[in-house]
Amino acid sequence: MFRIPVTSEFFNEDEAMKIVFKKCIVMLIGVLVTLQLAGCVSSEKYYEDVGLSREVAFRQWKNRKERQERSQPVISGKLNIADCTKLALVNNKVLQSIVQEREVARGERLKSYSAILPKVNLTGDYTRFDEVTSFEIDTPAGKEKIQFGDEDNYSAVLMVTQPIYAGGSIPARINAAKLMTLLTDETVRAAVQEVVYAAEHSYYDVLLSQHLLQISTDAVRSAQAHLDNVKQKQRGGVAADFDVLRAEVELSNFQAEFIQNKNAINVAKASLIKVMGVSQDSGFILSDKLLYVPSNITMEQAVEAAYRNRPDLIGREFDIKMQKELLNVARSQYFPVVSGYYSNTWAKPDPHSMMAIEWGHAWQGGITASVPIFDGFMRDGEIVAQKARLKQGQIDLIDAEETALFELTKAQLSIENTAEFIESQRLNLTRAEEGLRLAEVGYREGANTQVEMIDAQAALTAARANHYQAVYSHIIAKLDFQKAMGTLASVETAEPGGQAKIESGNAEENTPIALVE
């Protein structure tokens, strides 16, 4: 602290103004230096830094090796549904981001303990005075100068405060933080189920696309063989130009379907790779099949499983309990706050006597209590808001239960409908195969026309596609049923044989995929 002497004995207006001006200049320089040390950065600088970071990311994207080393593994070999799920759980970026919420909840829980644990602060201070009050006294040895205090003042204070009572808010805050951790765990478990669902759904999308592509390939091959046969008959004079044109149109139609299915399988594979979080340069073969497996789970069993396992239902329960604790925190503001404190001060001059220019210490302790009287309705407003949030949580729980029942009912009906559809298409496929065989025989013998032959081929192609579509729909309906029950997160250990291989970014040899326990 600097003070300007203004006693009548030494007062000079010009000199005082000069001193004030110098002090202002020094303070201005100090402020500028402080801002520089504080690291003030302009918005343009931030944009420049972000732009450079994006440029580096783009260069890494262009360099395949750097991109693989940075994040994404490359897989090859056979890939079954269990390995696909485990890869997604390990590498999916959305899930990795949501898992960090656990750390956020852990931090909030640690913060909650500050309501009950003591707070310890150590502060230091140095003050320089331009002068201190002094006077002279006569002594037998002559005049002696006595001063109150010293120009250089030092102090260090250790302060300890301990909360004792806060109207019940201390345990309520700790309980709310614990419930937040549990709620976060359910949020992560819900995200895990979403990733498992997306991975399995994408896996079966690729399987269906592969079957549809194979059907289109067979149809193109049959259409090409039929066209060659018609051209041969044309050269023999037993087929007209119209027959050749009709066969060419049929071949073009099947080729168009082939191109569409080829594009669809590329998109489906890219989506599966994105869900698994691996490199788009991965090359793998799906080892599982589209198989029809009947479901034997009753609706009562499904509802029981959903009520016990669904993360959203359990999370709603935790949210209601947490809102009750927050309501207790709001109500605690009507009660007094009691805390104890202890401080120890080391200072020069001695804190007991300003005339003792030497180090000394002093301590004090006590209990403080404050009783809130009126705070402008802040407490009343907080209680009203917390009661409304509690009511919202209770309504949300009822809505989540109704949503669960709707999803279970919808999935159960889909399973039943697709099972019936599969049986009908199985018979239809057999009929279409027999119809094509009879049409081919009749066409060779001249009993059937070319149009009948083409219609039979188209009917078989449609029957094969409908059959696989029905099996796929049944599998997805069962997947929806599992998700509605909340049981998708349980992942069984994959068989040791037929695993996909992962190439690490800095190694060329293949290693088994990392299994998720």
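It should be noted that the structure appears before, not after, this text.
Residues numbered from 1 in each chain as written. Predicted model: local features only at pLDDT ≥ 70, side-chain atom pairs only at ≥ 80, totals over all residues. Heavy atoms only, no water.

Novice: Looking at this model, I keep getting lost on unusual backbone geometry. Mind explaining?
Specialist: Negative phi is the rule for most residues except glycine; trans is the rule for most peptide bonds. Going from lysine 348 to proline 349, the amide bond is cis rather than trans, its omega being 5°. Here proline 349 shows up in the loop between β7 (337-348) and β8 (360-370). (Helix = DSSP H or I, 4+ residues; strand = E, 2+ residues; numbered from the N terminus.)

Novice: Hey, could you run me through the side chain of arginine 310 in this one?
Specialist: For arginine 310, the location among the structural elements is in the loop between α8 (299-309) and α9 (311-331). You can call arginine 310 buried: its relative accessible area is 6%. For arginine 310, the side chain forms a polar contact with the side chain of aspartate 312, separated by 2.8 Å. If near-sequence neighbours (up to four positions away) are discounted, arginine 310 is found in contact with Arg189, Ala305, Ala404, Glu407, Lys483, Ala484, Met485 and Gly486. (Buried < 20%, exposed > 50% of the residue type's maximum accessible area, 1.4 Å probe, protein only. Polar contact = N/O pair within 3.5 Å; in protein donor to acceptor, adjacent residues only side chain to side chain. Contact = heavy atoms within 4.5 Å.)

Novice: I keep staring at helix α7 (residues 241-276) and nothing clicks. Help me out?
Specialist: For an α-helix, the turn length of 3.6 residues means that residues three or four places apart are oriented alike. Under the 1.5 Å per step criterion, the end-to-end length of α7 is 53 Å for 36 residues, consistent within 8% with the ideal 52 Å. Among the residues of α7, Val244, Ala247, Glu250, Leu251, Phe254, Asn261, Ile265, Ala268, Leu272, Ile273, Val275 and Met276 are the ones counted as buried. Looking one or two residues past α7, glycine 277 carries a phi angle of roughly 75°, positive in sign. (Expected span 1.5 Å × (residues − 1).)

Novice: How should the packing of aromatic side chains be read in this particular structure?
Specialist: Note on aromatic pairs: each is described by the distance of the centres and the angle between the planes. On inspection of all chains with the given rule, the structure shows five aromatic pairs. Taking 6.0 Å as the distance between ring centres and 85° as the angle between the ring planes, the aromatic pair formed by tyrosine 203 and tyrosine 204 counts as edge-to-face. The two residues tyrosine 203 and tyrosine 204 agree in class, both being buried. Members of the aromatic cluster, joined through ring pairs, are Tyr126, Tyr154 and Trp359. Taking NZ or CZ as reference, lysine 269 lies 5.9 Å from the ring centre of phenylalanine 284, over its face. The residue whose ring lies beneath lysine 483 is tyrosine 197, and the NZ or CZ to ring-centre distance is 4.4 Å. (Phe/Tyr/Trp six-rings, centres within 6.5 Å; stacked < 30°, edge-to-face > 60°. Lys NZ or Arg CZ within 6 Å of the ring centre and 35° of its normal.)

Novice: Explain the pattern of salt bridges to me, please; I cannot follow it from the model alone.
Specialist: Pairing between side chains of opposite charge can happen when their charged atoms approach one another. Evaluation of the coordinates by the stated rule reveals 15 salt bridges. Of the charged contacts, one joins glutamate 103 and arginine 106 as a salt bridge, the two residues approaching to 3.0 Å between their closest N and O atoms. Of this pair, glutamate 103 and arginine 106 both sit in helix α5 (residues 93-112), three residues apart, which is roughly one turn of that helix. On the basis of relative accessibility, which here comes to 43%, the residue glutamate 103 falls in the partly exposed class. Lysine 111 is paired through a salt bridge with glutamate 108; the nearest N and O atoms lie 3.5 Å apart. Taken together, the residues lysine 111 and glutamate 108, both in helix α5 and three residues apart, mark about one turn of the helix. Given a relative accessible area of 52%, lysine 111 falls into the exposed group. According to the relative accessible area criterion, glutamate 108 is partly exposed, its value standing at 36%. Look at the salt bridges and you will find they share partners, linking Asp218, Arg221 and Arg464 into a network. (Salt bridge = Lys/Arg side-chain N within 4 Å of Asp/Glu carboxyl O.)

Novice: Explain the pairing of strand β5 (residues 152-165) to me, please; I cannot follow it from the model alone.
Specialist: The side chains of a regular strand alternate, first on one face of the sheet and then on the other. Examined bridge by bridge, strand β2 (residues 119-128) and β5 share ten bridges and lie antiparallel to one another. What sits directly across from leucine 122, in β5, is leucine 158. Note: β5 against β7, eleven bridges, orientation antiparallel. The partner of serine 155 across the bridge, within β7, is alanine 347. (Pairing = 2+ DSSP bridges.)

Novice: In this structure, what is going on with the packing of helix α6 (residues 169-235) against α9? I would like to understand it.
Specialist: Each pair of packed helices gets described by two things: the angle between the helix axes and the distance between those axes. It is the contact of α6 with α9, at a shortest axis distance of 8 Å, that shows an interaxial angle of 160°. One way to sum up the angle between α6 and α9 is to call them roughly antiparallel. α6 and α9 meet at a crossing whose hand is left-handed. Residue composition of the contact of α6 with α9, grouped by class: 13 nonpolar, five polar and six charged. (Axes fitted to C-alpha atoms, helices over the stretch in contact; angles between N-to-C directions. Parallel < 35°, antiparallel > 145°, perpendicular 65-115°, else oblique. Left-handed = near helix turned anticlockwise from the far one by under 90°. Nonpolar A, V, L, I, M, F, W, Y, C, P; charged D, E, K, R; others polar.)

Novice: Is there a simple way to explain the sheet that holds β7 in this structure?
Specialist: As a general point, the strands of a sheet are linked pairwise by backbone hydrogen bonds and lie either parallel or antiparallel. An order of β2-β5-β7-β8 is seen for the four strands of this open sheet, with the pairing classed as antiparallel. Sheet topology places β2 and β8 at the edges, where each strand pairs with a single neighbour. Pairs of neighbouring strands in the sheet enclose a mean axial angle of 15°, with direction left out of account.

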